[in-house]
Structures are given as C-alpha cells and as structure tokens.
Amino acid sequence: MNFSLRLSLCVLLITVLSCLSGCNQSSDTADSGNDASTEVAGSKELESPEELLKKVEQAIEVAQQKYLESEKHSPWEIFHGILAFRKDYQIQKDGKNVNALEWIASGITFEDEPWFQKTEFGGRPHPYTRENAFEGHKNQSLAILAMADVPLDYKFQTPDGPITVADMVENAKKEMQENEEVTWSLWALVHYLGPDAVWYDKKGEEWRMSDLVYMQNNTITNESPCGGTHALFALAYARNTYRNAGHRLSSYWLEADQKLQRYIEEAKAMQNLDGSFSYDYFFQKSACENFQERLETTGHTLEFLMMALPDDRLNEEWVRKAVSLLANDIIDNKGEKVNYSALYHAIDGLVIYRNRMDPNRTAQLESKSYQAPEESEAAVKDVKVLKPVTPPAPAAPAIPPTPKN
C-alpha cells in the first residue's frame, strides 16, 4: 500500500470517527472560533423579542405538562421542579394534580425516610443518601425554597413534630464550616438573612455573609458542579441582594461582580453558531448535537446568565439566540425522555427571562424577604478569618542622627 493511499484511509477514518461523536471540541488556538466543523449547523433567523417571548412561554408550558408522580419520583427531582415553577409547581398523586409544596410539607416519606428532620439546632431537609435521592449538596433544598420565596414561618411536618423554614435557616447557620461547598448555603442564607447578616456557628465562631462570598469567589469554577454555573448563579443572587440593600460594591462583593463579568464574557466567547453554549461550560469551546447534553449545558449556562446580566443586555443578539435555541429544543423534543434536573434548570433560566421581559411579571433577582438590621457594628469590622493574613508593613528604618562637626 503506497503512502498516498494510507494517508487517504487515515483521513477517512478520522472523518468517520468525528461523525459518530455527538459533541465536537475545538482547541484553544487563536482561530478556533472560525472553525465551522466545531459548530452545530442550522442557525435560523432570529425572532423579534415579542415572538421570542411567545416561544419561551410555549416551552415553559411543554415542561409543565411533564408531571412527576409522587410515588415514583424522588425528593431531588421534585425539588428541582419547585426551583423551576416556584410555589405553583404541581405533581401527580393518585392520578390527580396536587400542589408540590403543600404535599411535601404534609409529612410524607421517600424510601421509608422522612423528607424533613428535626435537629439539635432546628431542622433540615433529609440529607443525601444516594445519587438523586434527597439533596445532593448541603442546603440545596433550602436554597430552592428561598428561590420559591417560601416564608420563614412556613411549616413542614416531621416524625418528631413540625419545623419551619426559620428552623432550617438556624440549622444552616449553626452547621457552617470552612473548606466546604458553600454555593447553596450562600444562596439560601443571603435570601433569608440579608447581605449584612452576622451569626455564630455551633462552635461559637463568628460568621458574616461576606465570608461566604469570599469562599465562593475562591472556588475554581470549572471544578464546581455543572461547570460552576450553580456557584455563579448563587454569587449573582448574593451580589444583586447586596446592591438592592443600597450598598456600593466593594471588597469581596466587588470581587464577586468582577468574577461574574468575566464568566459572562467567557460564556459569550464560547457560544456556538446555533446559539448553544459550550458543552464544556467555561473550559473550552465545544458543540454538541445531542439534545439531552445541550439541554443540560446550555440550560445551566443560560440560568446563570439570566441572574447575572443587567436589563440592558437581555436584548443582545447572542442572548436571544441562546434563549431561542433552548426554547426550540424543549418544544421540538417534547416527547423525549429527559433528565429532570437538566430540564428544570433550563426552565428556570427561561422563566427568569420571561419574567424580566414581560412588563406584567416580576423577576426575583435578589432577596427582599430579610429584615434589615437597624445598626450593626459588625458591618464595619474586619472579616474574621478565611482570607490570607496580610503581614504588617515593616517599620521604616530610623533616620541616623546628623553627625556633628
């Protein structure tokens, strides 16, 4: 076999393998963004904002019709539905539609375990037992209740008596630890306590909300769950709440804003021609022809962007293109089986977009539920720990005496 024939066969083999792959990755070279082979084909003419809003509403309605069943689906899945549709979310029980929040508050169990527990410090949703059973991350369920704006006095039944959302907040405060995943704790606590909150954990250590912001700022985004989109979403929610309280961004809060601006631009830079976002999130540019993978990655990225972007950027072409792609995907694949976590995070992004664009709706982009402190000396104190200790500047050398003549 001569060299030319071997070379032709190699090229053919590589081409076939590329076609069999659902997702295509591009390198970090300077011209990788112009490589059409890494893009999913089929970019369509963009709708007007009014037409796009109608399509988004249609996609949301499609997802609403995918009712989860009380005896079949897990707390983890049903909580994700509450994230997407808030307090109005419905599931099916015995063939009838029921309000999911009211049902889970009634004292039900899953795999013979209660959904909620009393604790030494108040109460909590049942912690992780296995993959996709109860909450997969510490305080994840409480963060979802915060996003649904469930009030502090709302009661949930446990085998040992009722607990309230306030009891869960108290437990989260007491169980805070350094060097742990902080995303959902920040999201939940900034909603219920506000950006100026100060509290003590079970060891008597003092905490401030800015400590949690510092910890979140220092997480490596690409190593966080779902490419870091949850971490960025929580950070954006905290920043928005801080601004809403009338504060000017400074210190760790300014660092948070700078991190958010960086990843907004990275999402835009890594967007594919069809409007989808990178299959590899913020790590490298890549495209995917698989609906489920696109739903997960584009849905999570759009959800973060809807919390982080200012109003005057929502009509930018790249944003509308992503919204259109995601809405079309959900509508065109309404008969497909889906991962409910991916679907509901995608719907959460579309719901926030709809609520921000529709003048008759209000989008929850920050918390207004907490009671602002009257006057807090803690707000002007130095942050307690967590940040690297800066050594004191060396004292200036003494000026030698002027020699006498």
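Keep in mind that what you see is a predicted model, and the values were worked out from it rather than measured.

J.: Explain the side chain of Asn328 residue by residue, including any values.
T.: Inspection of the secondary structure puts Asn328 in helix H12 (residues 317-332). Among residues more than four places away in sequence, those in contact with Asn328 are Glu47 and Lys55.

J.: Give a description of the packing of helix H9 (residues 229-244) against helix H10 (residues 251-269) that names residues and reports values.
T.: Close contact between H9 and H10 brings their axes to 10 Å; oriented N to C, the two are set at 130°. Taken together, the axis directions place H9 and H10 in an arrangement best described as oblique. Crossing handedness for the pair H9 and H10: left-handed. Here Leu232, Leu235, Ala236, Ala238, Arg239, Tyr242 and Arg243 of H9 lie close against H10, whose contacting residues are Trp253, Ala256, Asp257, Lys259, Leu260, Gln261 and Tyr263. Residue composition of the contact of H9 with H10, by class: 9 nonpolar, 1 polar and 4 charged.

J.: Just give me the short version of the nonpolar core, but keep the residues and values in it.
T.: By size, the foremost hydrophobic cluster in this structure holds 109 residues, and its most contacted members are Ile104, Phe156, Met209, Ile330 and Leu350. Sorting elements by how many residues they give to this core places helix H13 (residues 340-357) first, with 10 residues. Those residues within four positions of Ile104 in sequence are excluded, and the remaining contacts are Ile78, Phe79, Ile82, Trp115, Phe116 and Phe156.

J.: Mind laying out the pattern of salt bridges, listing which residues take part and the relevant values?
T.: Scanning the model with the defined rule gives 19 salt bridges in all. One salt bridge in this structure joins Lys138 and Glu180, with 3.1 Å as the shortest N-O distance. With Lys138 in the loop between strand E7 (122-125) and helix H5 (140-147) and Glu180 in the loop between helix H6 (165-174) and helix H7 (183-193), this residue pair connects regions lying 42 residues apart in the sequence. In this structure, Arg356 and Asp311 form a salt bridge, with 2.7 Å as the shortest nitrogen-oxygen distance. With Arg356 in helix H13 and Asp311 in the loop between helix H11 (291-308) and H12, this residue pair connects regions lying 45 residues apart in the sequence. Arg356 sits in the buried class, given a relative accessible area of 15%. In this structure Asp311 comes out as exposed when scored by relative accessible area, which is 57%. Among the charged side chains, a network of salt bridges with common partners joins Glu57, Arg354, Asp358 and Arg361.

J.: Explain unusual backbone geometry to me, and be specific about the residues and the numbers.
T.: With phi around 65°, Asn139 is a residue other than glycine that occupies positive phi space. One can find Asn139 in the loop between E7 and H5. With a relative accessible area of 11%, Asn139 lands in the buried category. Phi at Asp149 is positive, roughly 55°, even though this residue is not glycine. Looking at the secondary structure, you find Asp149 in the loop between H5 and strand E8 (155-156).

Reading the values: rules and limits
Residues numbered from 1 in each chain as written. Predicted model: local features only at pLDDT ≥ 70, side-chain atom pairs only at ≥ 80, totals over all residues. Heavy atoms only, no water. Helix = DSSP H or I, 4+ residues; strand = E, 2+ residues; numbered from the N terminus. Contact = heavy atoms within 4.5 Å. Axes fitted to C-alpha atoms, helices over the stretch in contact; angles between N-to-C directions. Parallel < 35°, antiparallel > 145°, perpendicular 65-115°, else oblique. Left-handed = near helix turned anticlockwise from the far one by under 90°. Nonpolar A, V, L, I, M, F, W, Y, C, P; charged D, E, K, R; others polar. Core = buried A, V, L, I, M, F, W, Y, C linked by side-chain atoms within 4.5 Å. Buried < 20%, exposed > 50% of the residue type's maximum accessible area, 1.4 Å probe, protein only. Salt bridge = Lys/Arg side-chain N within 4 Å of Asp/Glu carboxyl O.

Spatial relationships are all this shows, so hold off on functional conclusions.
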